Amino acid sequence: MQNNNTQPVMKRKHIMKRLLSYIVGRHKALFAVVLVCIFISSCAVVLSSLFLETLIDDYITPFLTESAPNFDGLFSLILRMAVIYAFGTICSFLYNRLMIRISQGTLKEIRDDMFRHMQQLPISYFDTHTHGDIMSHYTNDTDTLRQFISQALPQLISSVISVVVILVAMFANSVPLTLVVLVFAIIMVCTSRKVGGQSAHYFIRQQQSLADVTGFAEETLNGQKVIKVFCHEEQVKARFMKKNDGLYEDAVRANIYGNILMPLMMQIGNLQYVLLALVGGLLALNQIGSVTVGMIIAFLNLSKALCMPISQISQQISLIAMALAGAGRIFMLLDEKVEEDHGTVTLVRAADVEQDTAEKTEKGWFWRCPAEDGTVSYVPLKGDIRFHDVDFGYTAQKTILHKINLFAKPGQKIAFVGATGAGKTTITNLVNRFYDINSGEILYDGIEITKIKKPDLRRSLGVVLQDVHLFTGTIMENIRYGRLDATDEECIAAAMLTNAHDFISRLPDGYQTMLTQDGALLSQGQRQLLSIARAAVADPPVLVLDEATSSIDTRTEALVQSGMDRLMEGRTIFVIAHRLSTVQNSDAIMVLDQGNIIERGDHDALVAQKGVYYRLYTGDFELE
Amino acid sequence: MLLQFAKSIRQYKRDTILTPIFVLLEVFIEITIPLCMAEVIDRGIDGKDQSFLISFGSFLLVLVLLGLVAGLLSGFFCARASAGFSRNLRKDMYDRIQEFSFDNIDKFSASSLVTRLTTDVTNVQMAFMMLIRVAIRAPFMLIFSLLAAFSVNADLSMMFLVAIPVLGIGLLAIIHFSYPYFTKVFHIYDELNGVVQENVIGMRVVKSFVREDFEEEKFGKVSGQIYNVFSKAERIVALNMPLMQFVVYACMLLLSWFGAKAIVLSGGTDMTTGDLTSMISYAMSILSCLMMLSMVMVILNIANASAKRISEVLQEKSTLQNKKHPIRKMEDSEIVFEHVGFGYGADTESKCLKDISLRIPAGSTLGIVGGTGSGKSSLVQLIPRLYDVTEGRVTIGGVDVKDYDLYTLRNEVAMVLQKNELFSGTIKENLRWGDSTASDEEVVQACKLAQADSFISTFPDGYDTYIEQGGTNVSGGQKQRLCIARALLKKPKILILDDSTSAVDTKTDALIRKAFLEEIPDSTKIIIAQRISSVEDADQILVLEGGRISALGTHEQLIKENKIYREMYLTQMKGGEEDAKQ
């Protein structure tokens, strides 16, 4: 920590500021009350040390010389203290309670902000970050924040306030004794910075080596059966041990520094305690600086009270460092650029069309296109897609698709064929603007897609992906994901249309069957049928179908195929084919190779051409 | 369970024992200091004895330094002991998992094993640290302080007999009432993680259906639940500090009032000002010890659940054991199934294989086809003893597979699983899993057989291309061929492919099978496939249906005689499957 000097420190300051703006900025009034309460409660602690001085110097010592001491004064002193203590206790109760609202509220806000922000991020973000990394923002990083806000922060505030109040009280009592205490306080602060910094450094390293062990365990345990088949147990054991040893080394260092901090602080405190008694005693005996016994005792207590907050802060150093690291990662997510959407064209129902157009009587949807002069025109939604000279690359350096030209008239079926990496999936990702093209243009019903509002654009496009993803919930809810206002009947009708109804009704709970873990209890083919039904409910004019590659048995495959066929009727279809058997009836087949359309035409034309398609068709090439 | 965990201490026994010893020394010194302090104040300062003040004061300084050394050493040994203990624990678990049979593996999911290896071990390590340090420190400190307090003034100390139960019961009540909320919170945490994970994995679905708002709402509900339950739990825990303060302050006031009276009334003989200050510091340490103990309880409570989960792994006995005198040499590769029955797990009722009898001559090729759940994979997994038969027996070269040494058996039987796994590392490293001593030429040779050499050589880094975790940077067909090459490197007597060429085009598939015939003619080959074309030239084809043999014969025989086989063949032909044109 100490040696990675100035630059990260600046950054840490920035993170701290931003974190505080979350914690304090959004709960100003509450936080002010908390501060007052912490102040009062810290004062009560300090006053209790001073109280002993009064007790001894003003009451016990003079009483010893009196023959008939009057305890009334003492009683009222005790009563006064009782009131102060009561206030202190009530205040510490209050700030602990209020702090919960601040800490839990802040955590909820951070979580919600993160999730909301994440929804707006472009697909490329999810391509470049592993699921594990994204997940850890919600688990590990938020967890370190929780400990920081609910534990370290109030501790820090109360410690600082206590230290200040105690120092003031000390200076008011005796300057020479205060100087002794100050020297030790500085030693303690320096030690805790040094040792605490080391421990924080190793705790963060321990976290990393733990992640390393986790990653290795995850990979090997997932492939455990392969390990068994190859009798590779000894090798993975040895590799695990190596990573495990790394973790051990860091854990030992982190814990040594963490463990010695407390005894170190305590004994420095004791050292000061004894030295104070010695110095104070000598001063008192030699009558220097009007030091009294009560004053010494009060000082002893004050110095103890001073050590407490300092060593408490020292215990929090690792926590603070880890929280800052976590907060840094969270802010990085929150600073990720969101998807841009400058579209103005929206999708409206025919009934909402304000103007009298010729097509007004038609059922269905319209594109509402506001022009710059304020006039609005309406274009009926048909599903006509055209690419003009489209270039695209995931990074600026490398173009993946070159000068793609194609058109799909409403109701046509366009198939993409080609080897892995040829750019089939990429093309379809451009239509729904998962990625934006570098040059050229894509038109939807004659409107440039960048002018269409993204949500409306995507609503007009259905997608069935090659990897099916289902959500936790009932089968009915999963189908309804396609259109949230669909009735049960509409969902069931969609399932019937797409051949999913049969297997669903054979399940004991039918449409109410709960799916968990991405629909783990269903077979691959069944999950595929559900995802097709989901797209059917959405009922979009344009559909993108990415065929499944995983092997499902012949019978289910036939079901899936006929489900897809029925879904395709009357729509514009883009199909990414992994099996040639499904593309033969397409209006046009595009053969892609390294981002170029090298052949195009219908099945018969391409076979007659005896080119790449023909060789794929005869099994000379593999598709995947 | 405790004994079992104690076994994992091993080479850290010394550190584990030294820690509490130094802790005790530290505690002893800490108790002595206020006692001596009282002397310093009474005799040195109040009694105005300067030489006593100096000599006794210096003695105290030495004592403090000793305490420092003890504290540092206990911290040092504790760190080594606890980190070492958890290191051994992780090793023991991982080693045990490596001994697991497939049966055992199926019982635990991979992700649950990972949690047990990491989070659970961390929890137990924390508890171990608490046990050898704080759990020693706190009670001894408590008892010593109490004894010291009684020796200073027994009457005044009586109040501790009230204060301790009040605080103790209060703290216990806080734990008791907040614990259920905390367990609930952890469940909701799982739910939250579930929502996020699903959302991240299915992001393309979310975006295509424009369901961002819907997802936010779903997430907001769960995060709101966490807010509510966590707040409830923390509201109870927030009572901790005021409760502690209340008891401490009450003790202070009572001590001051009665202490002052006792001093004054006895004229400073029975009790002194020094005694009063020591009493107050004892009160503080007694009460803070209680606080520490309650913390230990909470951590032990959390660790208890983790310890149980770890112990489940450590106690899991592998269901596969080597015979006492196993056979270490496989002479012949003829495989015979004799009335084999098999079911997964303890549930012997629902069998997935029933009365299978079959002979596969050495060097021949057997093709297996059948629908999902017909038992194809189960059947072949019995050969390398991934699972054991529940009825009948499987023999290789006339010897029951259970009589072979497990290592020998699996070395001679190469199996390419349906769920192919490559590991992060270079292609070469992955292939050498088959034979760690294989030369580069042998590796290339195996890849040529598996028709993998052609695409590997198009990679810029060739055989040194790095495979990402899960093999995400090679295509499905490429992955399958790499897995076949890896199996071939074992030069096995028996080669089993469990639907391992599904993503490979038919032509390459045919080339691979041709290579098998020409290059490893003596190995017995078993091929499971969905595509008829992958098995039609096999010596025998087995059709499975519902765990039973439906038919066994050559392609020509089955087309004529078996309805299932004929149906499969016809549907695949109708689809215009590529092989029709070959």
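Only a predicted model underlies this, so the values are computations on that prediction, with no experimental measurement involved. All residue numbers refer to positions counted from 1 along the written sequence of the respective chain. Chain labels run from A onward and ligand labels from 1 onward, assigned in the order the entries are written. Residue-level local features of this predicted model are given only where pLDDT is at least 70; pairs of side-chain atoms are given and counted only at 80 or more, and the full residue set underlies all totals for whole chains, interfaces and linings. Note: side-chain values were computed over all heavy atoms of the structure, leaving out hydrogens and water.

1. A few points about the overall build of chain B
Numbering goes from the N terminus for both helices and strands, where a helix is a DSSP run of H or I of at least four residues and a strand is a run of E of at least two. Summing up its helical and strand segments, chain B has 19 helices and 12 strands in all. Radius of gyration means the value over C-alpha atoms here, while the globule rule gives 2.2 Å times the residue count to the 0.38 power. The C-alpha radius of gyration computed for chain B amounts to 36 Å, which surpasses the reference 25 Å derived for 582 residues by more than 25%, pointing to a less compact arrangement than a globule. Burial classification: accessible surface area is computed with a 1.4 Å probe over protein chains only, and a residue below 20% of its type maximum counts as buried, one above 50% as exposed, and the rest as partly exposed. Burial statistics for chain B: of 582 residues in total, 58% are counted as buried. Contacts were defined at the residue level, with two residues in contact if any of their heavy atoms lie within 4.5 Å. Across chain B, contacts joining residues at least 24 apart in sequence account for 77% of those joining residues at least 6 apart. Note on areas: Shrake-Rupley with a 1.4 Å probe; residue coverage comes only from the protein chains shown. When the accessible surface of chain B is split by element, carbon and sulfur atoms take 60% of a total near 24,200 Å². Charge assignment: positive for Lys and Arg, negative for Asp and Glu; neither His nor the chain ends contribute. Throughout, a charge is located at the NZ atom of Lys, the CZ atom of Arg, the CG atom of Asp or the CD atom of Glu. Distance between charge centroids for chain B: 2 Å, based on 60 positive and 67 negative side chains.

2. Quick word on the overall build of chain A
Of regular secondary structure, chain A possesses 18 helices and 15 strands. Taken over C-alpha atoms, the radius of gyration comes to 36 Å for chain A, far larger than the 25 Å a tight globule of 624 residues would show. Each principal axis of the C-alpha atoms in chain A carries an extent, and together these give about 125 × 70 × 55 Å. Here the analysis covers contacts within chain A between residues at least 6 apart in sequence; of these, 74% occur between residues at least 24 apart. Total accessible area computed for chain A in this model is approximately 26,400 Å², and 56% of it derives from carbon and sulfur atoms. For chain A, the centre of its 56 positive side-chain charges and the centre of its 64 negative side-chain charges are spaced 5 Å apart.

3. A short note on the packing of aromatic side chains
Only rings of Phe, Tyr and Trp enter the pairing, Trp through its six-membered ring, and a pair is recorded when the two centres are within 6.5 Å. The plane angle decides the type: under 30 degrees is stacked, over 60 is edge-to-face, the rest tilted. With the rule as written, the count across this model stands at 33 aromatic pairs over all chains. Relative to B:Trp257, the ring of A:Phe71 has its centre 6.3 Å away and its plane inclined at 75°; by these criteria the two rings are edge-to-face. A residue pair is termed interchain when its members come from two chains, as with A:Phe71 in the loop between helix H2 (28-65) and helix H3 (72-120) and B:Trp257 in helix H9 (residues 240-265). Overall, the relative accessible area of 13% leaves A:Phe71 in the buried class. A centroid spacing of 5.9 Å and a plane angle of 85° characterise the contact between B:Phe182 and B:Phe230, whose relative ring orientation is edge-to-face. Residue B:Phe182 is found in helix H6 (residues 154-201), and its partner B:Phe230 is found in helix H8 (residues 212-237); the two are separated by 48 residues along the sequence. Take B:Phe182: its relative accessible area is 24%, and that puts it in the partly exposed class. Residue B:Phe230 is classed as buried on the basis of its relative accessible area, which comes to 3%. Linked through ring pairs, A:Tyr59, A:Phe63, A:Phe71, A:Phe75 and B:Trp257 together constitute an aromatic cluster. When the ring centre of A:Tyr248 is taken as reference, the NZ or CZ atom of B:Arg87 above it lies at 5.4 Å. We call a charge positioned over a ring when the NZ of a Lys or the CZ of an Arg lies within 6 Å of the ring centre and within 35 degrees of the ring normal.

4. Thoughts on empty space enclosed by the protein
A pocket here means an open set of points on a 1 Å grid, computed over the protein atoms alone, that has protein on both sides within 12 Å along at least five of seven lines. A cavity is instead a set of points where a 1.4 Å probe fits but cannot get out; residues with an atom within 4 Å of a point line either one. Grid points are joined across faces, edges and corners, and a volume is the space filled by probe spheres set on the points. Within the structure shown, the criterion is met by 12 cavities of 30 Å³ or more. Of the pockets and cavities examined, the second largest cavity occupies roughly 90 Å³. Together, A:Tyr273, A:Ile297, A:Leu300, A:Asn301, B:Pro34, B:Met37, B:Ala38, B:Ile41, B:Gly274, B:Thr277, B:Ser278 and B:Ser281 line the second largest cavity. Of all elements in the fold, only helix H9 (293-335) of chain A together with helix H2 (13-46) and helix H10 (273-315) of chain B reach the threshold of two or more residues within the lining of the second largest cavity.

5. Overview of a positive patch on the surface
Like charges within 9 Å and nonpolar side chains (Val, Leu, Ile, Met, Phe, Trp, Tyr) within 5 Å are joined into patches, using only residues over 30% in relative accessible area that form no salt bridge. Salt bridge, as used here, is a side-chain nitrogen of Lys or Arg placed within 4 Å of a carboxyl oxygen of Asp or Glu. Judged by side-chain charge, A:Arg97, A:Arg101, B:Lys184, B:Lys232 and B:Arg235 come together as a positively charged surface patch. Those elements giving two or more residues to the positive patch turn out to be H3 of chain A together with H8 of chain B. Counting through the fold element by element, B:Arg235 comes out in helix H8.

6. Some details on the pairing of strand S15 (residues 596-601) of chain A
Residue and element names in this part refer to chain A. Whether two strands pair depends on DSSP finding at least two bridges between them. The sheet contact formed by strand S14 (residues 588-593) and S15 spans five bridges and is antiparallel. Paired with Ile 589 across the strands is Gly 601, a residue of S15. Between S14 and S15, which pair antiparallel and follow one another directly, the connecting turn spans two residues, one of which, Gln 594, has a positive phi of 45°.

7. Focus: the domain arrangement of chain B
Accessible area lost on assembly of the parts is the figure often given for the size of an interface. An automatic or database domain assignment supplies the start and end points of every domain. Under the domain assignment, chain B is made up of domain 1 (2-180 + 231-315) and domain 2 (329-412 + 523-582). Between the C-alpha centres of domain 1 of chain B and domain 2 of chain B there is a distance of 64 Å.

8. Some words on the interface of chain B and chain A
With 151 residues of chain B at the contact, the number on the chain A side is 142 residues. Summed over both partners, the accessible surface that disappears when two parts come together, traced with a 1.4 Å probe, is what is meant by buried area. The contact between chain B and chain A buries some 13,400 Å² in all, and 68% of this surface belongs to carbon and sulfur atoms. Linking chain B to chain A there are three salt bridges. N or O atoms closer than or at 3.5 Å make up a polar contact, with two conditions inside protein: a donor-capable atom paired with an acceptor-capable one, and, for residues adjacent in sequence, both atoms drawn from side chains. Where chain B touches chain A, the interface holds 25 residue pairs in polar contact (both at pLDDT 80 or more).

9. Side note on the side chain of B:Ser281
Residue placement: B:Ser281 occurs in helix H10. Residue classification places B:Ser281 among the buried residues on the basis of a relative accessible area of 15%. Each residue touching B:Ser281, except ones within four places of it in the same chain, is listed here: A:Lys304 and B:Pro34.

10. Here we look at the nonpolar core
Residues A:Leu74, A:Phe387 and A:Tyr444 are the most contacted members of the largest nonpolar core, which totals 195 residues. Among the elements that line this core, the one with the most residues is H9(A), at 19 residues. The residues touching A:Tyr444, leaving out its near neighbours within four places in the chain, are A:Trp367, A:Leu381, A:Gly383, A:Asp384, A:Ile385, A:Ile449, A:Ile452, A:Leu457, A:Ser460, A:Leu461, A:Pro541 and A:Val542. The next biggest cluster of nonpolar side chains, apart from the first, holds 127 residues, and it includes A:Phe240, B:Val114, B:Ala450 and B:Ala485. Nonpolar cores are built from buried Ala, Val, Leu, Ile, Met, Phe, Trp, Tyr and Cys residues. Side-chain atoms within 4.5 Å join them into one set.

11. Considerations on the sheet that holds strand S5 (residues 399-400) of chain B
All names here are of chain B. The sheet built from four strands is open, its strands ordered S2-S1-S4-S5 with antiparallel pairing. Both outer strands of the open sheet, strand S2 (353-360) and S5, are each paired with one neighbouring strand and no more. Two strands pair when backbone bridges link them, and strand S1 (residues 335-342) and S2 are joined in this way by five bridges, in the antiparallel orientation. Each bridged residue has a counterpart across the sheet, and for Phe 337 the counterpart in S2 is Leu 358.

12. A look at the packing of helix H6 (residues 175-222) of chain A against helix H8 (residues 233-285) of chain A
Orientation is described by lines fitted to C-alpha atoms, with helices fitted over the stretch in contact, and by angles between N-to-C directions that extend from 0 to 180 degrees. Between H6(A) and H8(A), whose axes approach to 8 Å, the crossing angle comes to 170°. As the angle between them shows, H6(A) and H8(A) are arranged roughly antiparallel. The labels follow the angle: roughly parallel below 35 degrees, roughly antiparallel above 145, roughly perpendicular from 65 to 115, and oblique for the rest.

13. Comments concerning the sheet that holds strand S3 (residues 376-380) of chain A
Residue and element names in this part refer to chain A. Sheet architecture is open: three strands sit in the order S1-S2-S3, paired in antiparallel fashion. Where the open sheet ends on each side, the last strands, each with one partner, are strand S1 (346-349) and S3. The mean inter-strand angle of the sheet, taken between neighbouring strand axes irrespective of direction, is 40°. In the sheet, strand S2 (residues 365-370) pairs with S3 via five bridges, with the strands oriented antiparallel. For Pro 370, the partnering residue across the bridge sits in S3 and is Val 376.

14. Notes on unusual backbone geometry
In the Ramachandran plot, A:Asp389 falls in the positive-phi region, its phi being about 45° despite a non-glycine side chain. Relative to the helices and strands, A:Asp389 resides in strand S4 (residues 385-392).

15. A short note on the pattern of salt bridges
Here the structure, examined in full by the defined rule, presents 49 salt bridges over all chains. Between B:Lys207 and A:Glu339 there is a salt bridge, with the nearest N and O atoms lying 2.6 Å from each other. With B:Lys207 in helix H7 (residues 203-208) and A:Glu339 in the loop between H9 and S1, this residue pair bridges two chains. Overall, the relative accessible area of 0% leaves B:Lys207 in the buried class. Between B:Asp464 and B:Lys428 there is a salt bridge whose closest N-O contact spans 3.8 Å. Highlighted residues: B:Asp464 in the loop between helix H15 (453-456) and strand S8 (466-467) and B:Lys428 in helix H13 (residues 427-431), separated in sequence by 36 residues. A relative accessible area of 46% places B:Asp464 in the partly exposed class.

16. As for the confidence of the model for chain A
Here chain A averages 81 in pLDDT, and 92% of its residues register 70 or above. Confidence scores here are pLDDT values: one per residue, from the predictor, ranging 0 to 100. A low-confidence stretch, residues 1-9 of chain A stays under pLDDT 50, and its non-local contacts, those more than four residues away or across chains, total nine contacts.

17. Some thoughts on helix H14 (residues 440-449) of chain B
Residues and elements named next belong to chain B. The complete set of buried residues in H14 reads Val 443, Ala 446, Cys 447 and Leu 449. One side of H14 holds all its buried residues, which, seen down the axis, span an arc of 155°. Taken from the residues just after H14, Gln 451 is the one with a positive phi, measuring 60°. The arc in question is the one spanned by the directions pointing from the helix axis to the C-beta atoms.

18. Quick notes on the packing of H6(A) against H9(A)
All names here are of chain A. Running from amino to carboxyl end, H6 crosses H9 at an angle of 20°, the nearest separation of the two axes being 8 Å. As the angle between them shows, H6 and H9 are arranged roughly parallel. As for how H6 packs across H9, the hand of that crossing is right-handed. Of the residues that constitute the contact of H6 with H9, the class distribution is 15 nonpolar, nine polar and one charged. In this scheme, a crossing is called left-handed if the near helix is turned counterclockwise away from the far one by less than a right angle; it is called right-handed if the turn is clockwise. The nonpolar class holds Ala, Val, Leu, Ile, Met, Phe, Trp, Tyr, Cys and Pro. Asp, Glu, Lys and Arg form the charged class, and all remaining residues, Gly among them, are polar.

19. Section: the environment of B:Ala250
Inspection of the secondary structure assignment puts B:Ala250 in helix H9. Along the primary structure B:Ala250 and B:Val504 are separated by 254 residues, whereas in three dimensions their C-alpha atoms are 81 Å apart.

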